[in-house]
Amino acid sequence: MTTAHVTCPLCEATCGLEVTFDGDTVTEVRGDAEDVFSHGFICPKGASLGALHHDPDRLRTPLIKRNGEFVEASWDEAFAEIDARLRPVLEKHGRDAVAVYAGNPSVHNLAVFLYGRALYKAIGTKNFYTAGTVDQIPKHFSCGYMFGDPVSIPVPDLDRTRFLLMLGANPLVSNGSLMTAPDVRGRLRGIRERGGRVVVVDPRRTRTAELADEHYPIRPGADALLLFALVHVLCAQRRVALGRLAEHVVGVDEVRELAKPFTPEAVAPRTGIPAYDIRRLAGELADAESAAVYGRIGTTTQSFGTLTSWLVDVLNVLTGNLDREGGAMFPLAAAGQANSTRNRRKPFSTGRWRSRVRDLPEVIGEIPVATLADEINTPGEGQVRALLTVCGNPCLSAPNAGRLAEALRQLDFMVSLDIYLNETSRHADVILPGPSPLERPHYPVGLYQFTVHNVANWTPPARPTDLPQDWQTLLRLTGIVTGQGPNADIAALDAFVAGEVAKGAGLDVSVAGERTGPERLVDLLLRAGPYDLTLADLEASPHGVDLGPLRPRMPDILNTARGKIELAPEAITGDVPRLAAELDTDVSPLVLIGRRQLSSNNSWMHNLEPLVRGTNRCTLHVHPEDANRIGLAHGGMATVRSRAGKIEVPVEITSQIRPGVISIPHGWGHHAEGTRTAVATAHAGANSNVLADEYLLDELSGTAVLNGIPIDVEPASG
Ligand code: SF4
């Protein structure tokens, strides 16, 4: 029996886990009680790490499609096939003819996080897509313009705040998002135990709402109106108190002016929240000893995602809670955080290029995935003819997923880096698998940027593998797209990447000694970081290194052109008239929202028996009033239609959702032919993103509206 201590790579919480092996077999996974951050916390997903490691459906050899069927291939055969078919696309049609889609697990995979960039840069395409445009891009957009860096995103100082206002967030189930925080339940209880209050704004009475002191069941898509009304009240009642940051903020008068039409009375009908409650909430926010406003996926995947994300931090600033203990603070990551040095970078901008077909602007280098099908289907110069997917399943995640799945059939060539033959990778010509999370090193570079307590924890591979590490696969692909062929010198490419990282950090690459691969890059990034750490320090601390509570970082962190907090950037405020028009717009009588589930992580953990056993969770939640009106029966089937598509789904009648709103979780719909995920297929569910409309976007960020989709529902015939 042996034991390994690993940082869980399955969600943003970064829990420390203790994995016990009998030989090579995982016998137990439990929370690591000595972990400096998670202190023994674990959720069902983390406990299923062994099931993922041993999943017989997990691919262990490359697959090549021959005559429409996948056959097993050697790695050399797979790379030779890619070289033979991808190079001609690049040479004949140019770099933009090759698109890249990186899914959410890319952020949880150290090798992809560190080496993916080198590959994407080498491809040089403007057609770069990620799951971010069905998730959090509005927050990058708003923080980019307010603070000058799209990853300078403040997080609630959960362990010290006295008042937490959460909108569209269900961290008891998601385990936190854009907020790295193991054991959110314990941390929220902590707020109440020290006399504070937790308020949740959400159309559903979620588990987080159950635990809160107060829950406001807002109408979907109306969060920006509510937040503007809170700003209005603070301004009207002269409760604006910038505190320590006063000299660093510009744009307060513009915000005050913009907020004038959004009185509590004006927004009450549209939000569904009485004016009296809005005034009381504004007063509580202003009176709190310390407070933080936090919005998540329900606030970003809606028509006014960017305005909502912006207003969250406008409130944090106006109440004097930005960058102070107990407020909304900026973590200081040990490695790889652009804002941890005082080096000035180019101020943030968007729209540096635009999509070819729909003229949608780039944001942080990405084009909205909502238009990927257009770029594949529309002939002309720059048409996408080849696609590389990296740890992603857009056939389940993208809006109008049915149309995208059809579009993938038109491609000349497709490669998927994926551990499964799933709804998306079945369209590929070559699938390249990677090691299991227990067979690769891990350090959550991206997630420590958003942590509620500064920590650092290194995970060496718990088990050896015969598979190439993902960084080696990515470098072989980099060799192909740079014309070095399928057998490029990986060591030389790795040395080049390390040299670039060292140069960017102002270090001599030799300081990392004999290390190679991600170990060398993480060592370099740690050495260049603010804590004077090396990888050896972390290797000597298997339960992590505690780097202390969050500390104020203003004004050093600012990277805007004026060196100020831009409270009213034109790139954002230009969208306020569209929001004002909402006040006079009729709302759709029935809209669809999503639903996060504890034992699920988007689309990619449904092949693990421990996580899907029990009753079907892919159900339609509907309020009894709506169910009566429509004629839906509990346990019966409903047909749900939108402009984009139609699905059938079992009905669950519940008063936990407000009238006029239905909810279906996303990531399901595993019934496609040609996949190799037996457990997921047996628990297929329905794909709610078939209903998401690819033309319904947050206009500023291009992020798809997944919360607030107008729909029709009727009992399913038969
Ligand atoms: S909360 Fe997230 S990081 Fe923690 S055990 Fe669960 S899946 Fe892993």
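From a predicted model like this one, the values you see are computed outputs, not experimental measurements.

Visitor: Sorry if this is basic, but what is going on with the overall build of the protein chain here?
Guide: Scanning the protein chain from N- to C-terminus turns up 26 helices and 27 strands. Here the C-alpha atoms of the protein chain give a radius of gyration of 24 Å, agreeing with the 27 Å that 2.2 N^0.38 yields for 718 residues. Along the first, second and third principal axes, the C-alpha atoms of the protein chain reach 70 × 65 × 55 Å. By the burial criterion, 59% of the 718 residues in the protein chain qualify as buried. Taking as baseline every contact in the protein chain between residues at least 6 positions apart, the subset at least 24 positions apart corresponds to 74%.

Visitor: Sorry if this is basic, but what is going on with the nonpolar core here?
Guide: Side chains of nonpolar character tend, in soluble globular proteins, to be buried together. In terms of nonpolar packing, the biggest core is built from 233 residues, with Tyr-115, Leu-226, Leu-230, Val-231, Leu-285, Leu-311 and Leu-315 touching the most fellow members. With 11 residues, the single largest contributor to this core is helix α9 (residues 223-236).

Visitor: Teacher, can you tell me more about the sheet that holds strand β7 (residues 128-130) here?
Guide: The pairing of strands in a sheet comes from backbone hydrogen bonds and takes either a parallel or an antiparallel form. Here we have 7 strands laid out as an open sheet, ordered β5-β4-β17-β16-β15-β6-β7, and mixed in their pairing. At either margin of the open sheet sits one strand with a lone partner, and together these are β5 (69-72) and β7. If you compare each strand with its neighbour and ignore which way they point, the axes differ by 20° on average. Docked against the sheet, helix α4 (residues 110-123) engages β6 (98-102), β7 and β15 (386-390), running at close to 165° with respect to β6.

Visitor: Even after reading the chapter, I still don't get the sheet that holds strand β3 (residues 25-31), so can you show me in this structure?
Guide: Spatially, 3 strands are ordered β1-β2-β3 in an open sheet, and the strand pairing comes out antiparallel. Strands with a single pairing partner mark the edges of an open sheet, and in this sheet they are β1 (2-7) and β3. Here the average twist between neighbouring strands, direction ignored, is 25°. Pairing of strand β2 (residues 16-22) with β3 involves 6 bridges; the strand directions are antiparallel.

Visitor: What am I meant to see in the packing of helix α5 (residues 137-147) against helix α14 (residues 305-318) here?
Guide: For any two helices packed against each other, the geometry is given by the interaxial angle and the distance between the axes. Where α5 meets α14, the closest approach of the two axes is 8 Å, and the angle between their N-to-C directions is 50°. Between α5 and α14, the crossing angle belongs to the class labelled oblique. Read as a crossing pair, α5 and α14 show a hand that is right-handed. Facing α5, whose interface residues are Pro-138, Lys-139, Phe-141, Ser-142 and Met-146, α14 presents Gly-305, Thr-306, Ser-309, Trp-310 and Asp-313. For the contact of α5 with α14, a count of residues per class yields 4 nonpolar, 4 polar and 2 charged.

Visitor: What is the right way to look at the site of the ligand in this model?
Guide: Surrounding the ligand, one finds Cys-8, Leu-10, Cys-11, Ala-13, Thr-14, Cys-15, Ile-42, Cys-43, Lys-45, Gly-46, Asn-175 and Pro-182. In terms of residue class, the shell around the ligand is made up of 8 nonpolar, 3 polar and 1 charged.

Visitor: Just checking my understanding: could you explain the packing of helix α11 (residues 264-271) against helix α12 (residues 275-287) for this structure?
Guide: Across the interface, α11 lies against α12 with an axial gap of 8 Å and an inter-helix angle of 115°. One finds that α11 runs roughly perpendicular with respect to α12. Classified by chirality, the crossing of α12 by α11 is right-handed. Facing α11, whose interface residues are Pro-264, Glu-265 and Ala-268, α12 presents Ala-275, Ile-278 and Arg-279.

Visitor: Could you clarify how one ought to interpret the environment of Glu-325 in this entry?
Guide: Following the sequence through the fold, Glu-325 ends up in the loop between α14 and β14 (328-329). Glu-325 sits 292 residues away from Arg-617 along the chain, and the two C-alpha atoms are 39 Å apart.

Visitor: Would you take a moment to explain the domain arrangement of the protein chain for this structure?
Guide: Where interface size is quoted, it is often the accessible area lost as the parts come together. For the protein chain, the assigned domains are domain 1 (1-54), domain 2 (60-125 + 368-442 + 458-488), domain 3 (137-336 + 554-580) and domain 4 (588-715). Taken over C-alpha atoms, the centre of domain 1 sits 34 Å from the centre of domain 3. Listed per partner, the contact involves 9 residues of domain 1 and 7 residues of domain 3. In the side of domain 1 that touches domain 3, the residues fall into 6 nonpolar, 2 polar and 1 charged.

Visitor: Even after reading the chapter, I still don't get α4, so can you show me in this structure?
Guide: Because an α-helix packs 3.6 residues into every turn, residues spaced three or four apart end up facing the same way. Between the first and last C-alpha of α4 there are 20 Å, a value that for 14 residues agrees with the 20 Å anticipated at 1.5 Å per step. Gly-116 marks the point of greatest bend in α4, at about 40°. α4 sits mainly inside the fold: 11 of its 14 residues count as buried. For α4, the set of buried residues is Leu-110, Ala-111, Val-112, Phe-113, Leu-114, Tyr-115, Gly-116, Ala-118, Leu-119, Ala-122 and Ile-123. Its buried side turned inward, α4 meets β6, β15, α18 (470-481), α19 (490-505) and α20 (517-528). One or two residues past the end of α4 sits Gly-124, with phi positive at roughly 75°.

Visitor: Explain α18 to me, please; I cannot follow it from the model alone.
Guide: For α18, which comprises 12 residues, the first-to-last C-alpha distance of 17 Å matches the rise-based estimate of 16 Å (1.5 Å per residue) to within 8%. Within α18, burial applies to Asp-470, Trp-471, Thr-473, Leu-474, Leu-475, Arg-476, Leu-477, Thr-478, Gly-479, Ile-480 and Val-481. Looking at the packing, one finds that the buried side of α18 touches α3 (75-93), α4, β16 (413-417), β17 (430-432), α19 and α20. Of the residues one or two after α18, Gly-483 is the one with positive phi, at around 80°.

Visitor: Explain unusual backbone geometry here, please?
Guide: Working note: non-glycine residues mostly have negative phi, and peptide bonds are mostly trans. Each neighbour pair has its own omega, and for Met-554 with Pro-555 the value is 5°, a cis peptide bond. Among the structural elements, Pro-555 can be located in the loop between β19 (545-549) and β20 (565-566). A positive phi angle is found at Thr-14, which is not glycine, with a value near 55°. Within the secondary structure, Thr-14 is located in the loop between β1 and β2. For Asn-400, which is not a glycine, the phi torsion comes out positive at approximately 45°. You can see Asn-400 is positioned in the loop between α16 (394-397) and α17 (401-408).

Visitor: Just to check I follow, could you spell out the environment of Arg-520 for this structure?
Guide: The topology assignment puts Arg-520 in helix α20. Among the residues examined, Arg-520 registers 23 C-beta atoms within 10 Å and is labelled buried. Along the backbone, Arg-520 and Ser-510 are 10 residues apart, and their C-alpha atoms lie at a distance of 9.7 Å. In this view, Arg-520 contacts Ala-498, Ala-512 and Arg-515; residues no more than four positions away in its chain are not counted.

Visitor: Explain the environment of Ala-633 here, please?
Guide: Mapped onto the fold, Ala-633 is located in the loop between α25 (624-630) and β23 (637-641). Ala-633 sits in the exposed class, given 11 other C-beta atoms within 10 Å. Distance from Ala-633 to Thr-516, taken between C-alpha atoms, is 60 Å for residues 117 residues apart in sequence.

So, how was this worked out
Residues numbered from 1 in each chain as written. Predicted model: local features only at pLDDT ≥ 70, side-chain atom pairs only at ≥ 80, totals over all residues. Helix = DSSP H or I, 4+ residues; strand = E, 2+ residues; numbered from the N terminus. Rg over C-alpha atoms; globule rule 2.2 N^0.38 Å. Buried ≥ 20, exposed ≤ 12 C-beta atoms within 10 Å, placed from the backbone. Contact = placed C-beta atoms within 7 Å. Core = buried A, V, L, I, M, F, W, Y, C linked by C-beta atoms within 7 Å. Pairing = 2+ DSSP bridges. Axes fitted to C-alpha atoms, helices over the stretch in contact; angles between N-to-C directions. Parallel < 35°, antiparallel > 145°, perpendicular 65-115°, else oblique. Left-handed = near helix turned anticlockwise from the far one by under 90°. Nonpolar A, V, L, I, M, F, W, Y, C, P; charged D, E, K, R; others polar. Near = placed C-beta within 6 Å. Domains from an automatic or database assignment. Expected span 1.5 Å × (residues − 1). Bend = angle between axes of the 7 residues up to and from the residue.

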